[in-house]
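Understanding the architecture of this molecule
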Amino acid sequence: MTVMEQRGAYRPTPPPAWQPRTDPAPLLPDAEPYRVLGTEAAGKADPGLLRRLYAELVRGRRYNTQATALTKQGRLAVYPSSTGQEACEIAAALVLEERDWLFPSYRDTLAVLTRGLDPVSALTLLRGDWHTGYDPREHRIAPLCTPLATQLPHAVGLAHAARLKGDDVVALAMVGDGGTSEGDFHEALNFAAVWRAPVVFLVQNNGFAISVPLDRQTAAPSLAHKAVGYGMPGRLVDGNDVAAMHEVLGEAVARAREGGGPTLVEAITYRMEAHTNADDATRYRHDDEVAAWRDHDPILLLERELVERGLLDEDTRRRASEDAEAMAADLRERMNKDPLLAPMDLFTHVYAEQTSQLREQAAQLRAELEAAAEETEAAASAESAKGETR
């Protein structure tokens, strides 16, 4: 006999006392991505903030082009450009207080740069020189993360721990649309909502997970709608509108800091360049699609608004461009110098206490390095002796 057949053991409808745990209506995102630039709301935006955002966008675009050039020169192993997505990353960094934490993905070099990290340090991982190029505790920036979405549970754990300790700290975790298909994404959102952790999740929906379009990943109305299933608000925002990004993320951070719990923000943007320098984007998208998004460029959108309000003159443009070029020149000069690396550093900071396998590998490498040094010394001595007999 099945459960369905047992008398009184199965109810086809919930009991009368049933009610939703959370009213879903306030959690639902807007039907269209929220915008500021080009709307009446733009008139209320702070002129000083808009000028700062413009300078950061210009600097970020130049950083992307310079880093991409460095890959072609062999100075970087790989670079995932964020050209077209600069508004998302810059806004994410600027809404945080110094005491807050940023959890970036591998594409979010502009976010860490805007937060104050040295431009070369932001590329150390992508150059292959070190596990990461900076001290996360000093800068309150988690290591740039190449595995998809693994930084999200880390952000929740840190935010929850801060809340338990009574620390006024918010974590902002960044991920791409491809990362939302990983289990870490779902686990992080669920725990964050249950614990009401002070964390903000920013999904940069740039259209493709490498070559996989969004409609092959999810049938949801939007990624922001996924928030409702976990009991947190979902916000849908134009990711190329830097003023809208700053406003929405600022509100989400303030809500988290005041004890309101997590928020999921989906930024609709576009990856103008290939996934990385190892990718051929022409195999899965058309030039017409890219051209259409160029008309919605984040720098272009902000320039139009600033010009219309009389906030952008040639002197402001020139200063922003000169500052960006100075940064790029310094980056080129420093990246063109071969770093002095210690091979044994491969085993540093992997585990607090090395495993037996790591100890064995370290001993093997040490022996090989000592043998190579002895061989080089012997060759030098032989060459010196040969010269004395001539």
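These numbers come from a predicted model, not from an experiment.

**Some details on the pairing of strand β3 (residues 199-205)**
Counting buried residues in β3 gives seven out of seven residues, a clear majority hidden from the surface. Neither face of β3 is exposed, since V199, F201, V203 and N205 on one face and V200, L202 and Q204 on the opposite face are all buried. Here strand β2 (residues 171-176) runs beside β3; their pairing, made up of six bridges, is parallel. Across the sheet, A171 pairs through a bridge with V199, a residue of β3. After leaving β2, the chain enters helix α7 (residues 183-195) and then returns to the sheet as β3, a path that is right-handed.

**Some words on the pattern of salt bridges**
Summed over the entire model, instances satisfying the criterion amount to 21 salt bridges. Between R35 and D238 there is a salt bridge; the shortest N-O distance is 3.3 Å. Separated by 203 residues along the polypeptide, R35 in the segment before α1 (47-72) and D238 in strand β6 (residues 234-238) bring together distant segments of the chain. Ionic pairing is found between E86 and R61, a salt bridge with its closest N-O pair at 2.4 Å. One end of the pair, E86, is in helix α2 (residues 86-94); the other, R61, is in helix α1, and 25 residues separate them in sequence. A relative accessible area of 0% means that E86 is categorised as buried. For R61, a relative accessible area of 18% puts it in the buried group. Three or more residues joined by partner-sharing salt bridges are found here, namely R99, D100, D168 and R257.

**As for the nonpolar core**
If you look at the biggest cluster of nonpolar residues, it comprises 62 residues, and the most contacted ones within it are Y63, L123, L172, L202, L249 and L302. Here the element with the most residues in this core is helix α9 (residues 242-257); it accounts for nine residues.

**Re the packing of α1 against helix α11 (residues 298-308)**
Here α1 crosses α11 at 150 degrees, and the two axes come no closer than 10 Å. One finds that α1 runs roughly antiparallel with respect to α11. The crossing of α1 and α11 is left-handed. Residue-level inspection shows L50, L53, Y54, L57, V58 and R61 of α1 in contact with α11, the latter providing P298, I299, L302, E303 and L306. Residues of the contact of α1 with α11, tallied by class, amount to nine nonpolar, no polar and two charged.

Rules used in this analysis
Residues numbered from 1 in each chain as written. Predicted model: local features only at pLDDT ≥ 70, side-chain atom pairs only at ≥ 80, totals over all residues. Heavy atoms only, no water. Buried < 20%, exposed > 50% of the residue type's maximum accessible area, 1.4 Å probe, protein only. Helix = DSSP H or I, 4+ residues; strand = E, 2+ residues; numbered from the N terminus. Pairing = 2+ DSSP bridges. Right-handed = clockwise from strand over helix to strand, strands pointing away. Salt bridge = Lys/Arg side-chain N within 4 Å of Asp/Glu carboxyl O. Core = buried A, V, L, I, M, F, W, Y, C linked by side-chain atoms within 4.5 Å. Axes fitted to C-alpha atoms, helices over the stretch in contact; angles between N-to-C directions. Parallel < 35°, antiparallel > 145°, perpendicular 65-115°, else oblique. Left-handed = near helix turned anticlockwise from the far one by under 90°. Contact = heavy atoms within 4.5 Å. Nonpolar A, V, L, I, M, F, W, Y, C, P; charged D, E, K, R; others polar.

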